[in-house]
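Each chain is listed here by its residues.
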Amino acid sequence: MKIALLFSGQGMQYADMLPWMNPAHPLLLQMQEQLHVPDWRAAMRDSSWASTNAHAQVVLTACALAAWQQLQEQVPALQSSSQSLAAVAGYSIGELAAACVAGVLSASDTVKLAGQRAALMDQAGAGQDSSMLAVSGVSIRTIEQWCQVQGAALAIRNGPDSAVCAGPRDKLAALEKFAQEQGARCTPLAVNIASHTHWMSSAAQAFQEQLNQSELAVPNVPWPTNAGVWVHNAATAAQALSAQIMQTMQWDSCMEQIEERQPNVVLEIGPGRSLATMWNQRYSEIPARSVDEFQTLDGLQRWLSRWAG
């Protein structure tokens, strides 16, 4: 069975996500030490703490990798995954976990880098009153034109009629009002920085310097990147992971490249099911589920067994 993995982005994290994870997993213990909390689930019950960039990015990265390692150990259908992974991709911060699973980074280093990435993005956004806004129901070209007129930026391309915009909060408020008047659907996101835009250029440059000092390897699994960079060595891996901080994320292209590889199933690793939903809306012939939907790993195993042929 060929499996594709999608690693969730920021915004859906909550205290009871991935309930079957082993609380004593080494990556979760590393994460707690890194964030100076004795119990990450208890900390997540404070919505302010949970939504803070410096906390959320580390929690999501550590949980994604701990969850994947546990799935490999306990779900028989995934135990030969090194030979059966069709591709991996990650949404925004999820791309760090995807790169790790592709063999580019060690898991421990990846969790540390998540903290460094968040800190650099917070520094770049200091003093700016910024946010992000999801817009859908009109063409991506139209959304991009609206961004240009209103002084915002196109941050994420999700599909032919769906995107995320970012920029100063007042500019996004004007964009939201205008877009709704034109019949578009708008959803403000609980994010306080203009991710994946030129406002994050200093963070991208500094993060690339951090990555250049890390031990990166060539991926051993196909990894469509958010920035559209073809990764063939350590230098291009660093470029891909840093460029996506300041460039429009091409999630629509990531999904297209995965679909071309015709996996039997797609698994979203992380909280919520936004990526699985997005996939099912576009490629309904290839089933996708989020591992967060399952209360037990037995349930996940039974679902995977239906598609093992």
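Parameters at a glance
- Residues numbered from 1 in each chain as written.
- Predicted model: local features only at pLDDT ≥ 70, side-chain atom pairs only at ≥ 80, totals over all residues.
- Heavy atoms only, no water.
- Buried < 20%, exposed > 50% of the residue type's maximum accessible area, 1.4 Å probe, protein only.
- Helix = DSSP H or I, 4+ residues; strand = E, 2+ residues; numbered from the N terminus.
- Pairing = 2+ DSSP bridges.
- Contact = heavy atoms within 4.5 Å.
- Axes fitted to C-alpha atoms, helices over the stretch in contact; angles between N-to-C directions.
- Left-handed = near helix turned anticlockwise from the far one by under 90°.
- Nonpolar A, V, L, I, M, F, W, Y, C, P; charged D, E, K, R; others polar.

Taking burial as the measure, the 7 residues of strand E3 (residues 130-136) include 6 buried ones, the bulk of the element. Across 7 bridges, the pairing between E3 and strand E5 (residues 162-168) is antiparallel. Following the sheet pairing, Ser130 is matched in E5 by Pro168.

Further remarks concern the sheet that holds strand E4 (residues 153-159). If you walk across this open sheet you meet the 5 strands as E6-E3-E5-E4-E7, and the pairing is mixed. Whereas interior strands pair on both sides, the edge strands pair on one side only; in this sheet they are strand E6 (185-189) and strand E7 (249-250). Sheet strands in contact with helix H8 (residues 140-150) are E3, E4 and E5, and its direction is about 170 degrees off that of E4.

In this structure, Ala243 sits in helix H11 (residues 234-246). C-alpha separation for the pair Ala243 and Ser253, spaced 10 residues apart in sequence, amounts to 16 Å.

Taken in spatial order, the 4 strands of this open sheet run E2-E1-E8-E9, and their pairing is parallel. Edge strands, defined here as strands with exactly one partner in the open sheet, are strand E2 (85-90) and strand E9 (288-290). Taking each pair of neighbouring strands and ignoring which way they run, the sheet shows an average axis angle of 20 degrees. On top of the sheet, helix H6 (residues 94-101) reaches strand E1 (3-7) and E2; it is set at about 150 degrees to E2, its chief contact. Contacting E1, strand E8 (265-269) and E9, helix H13 (residues 274-282) crosses the sheet at an angle of about 170 degrees to E9.

Now for the packing of helix H12 (residues 251-260) against H13. Orientation of H12 relative to H13, taken along the N-to-C sense of each, is 65 degrees, at an axis distance of 12 Å. As H12 packs across H13, the resulting crossing turns out to be right-handed. Across from Trp251, Asp252, Met255, Glu256, Ile258 and Glu259 in H12, the residues of H13 making contact are Leu275, Met278, Trp279 and Arg282. Class assignment of the residues belonging to the contact of H12 with H13 gives a composition of 6 nonpolar, no polar and 4 charged.

Bear in mind that shape data such as this cannot, by itself, settle questions of function.
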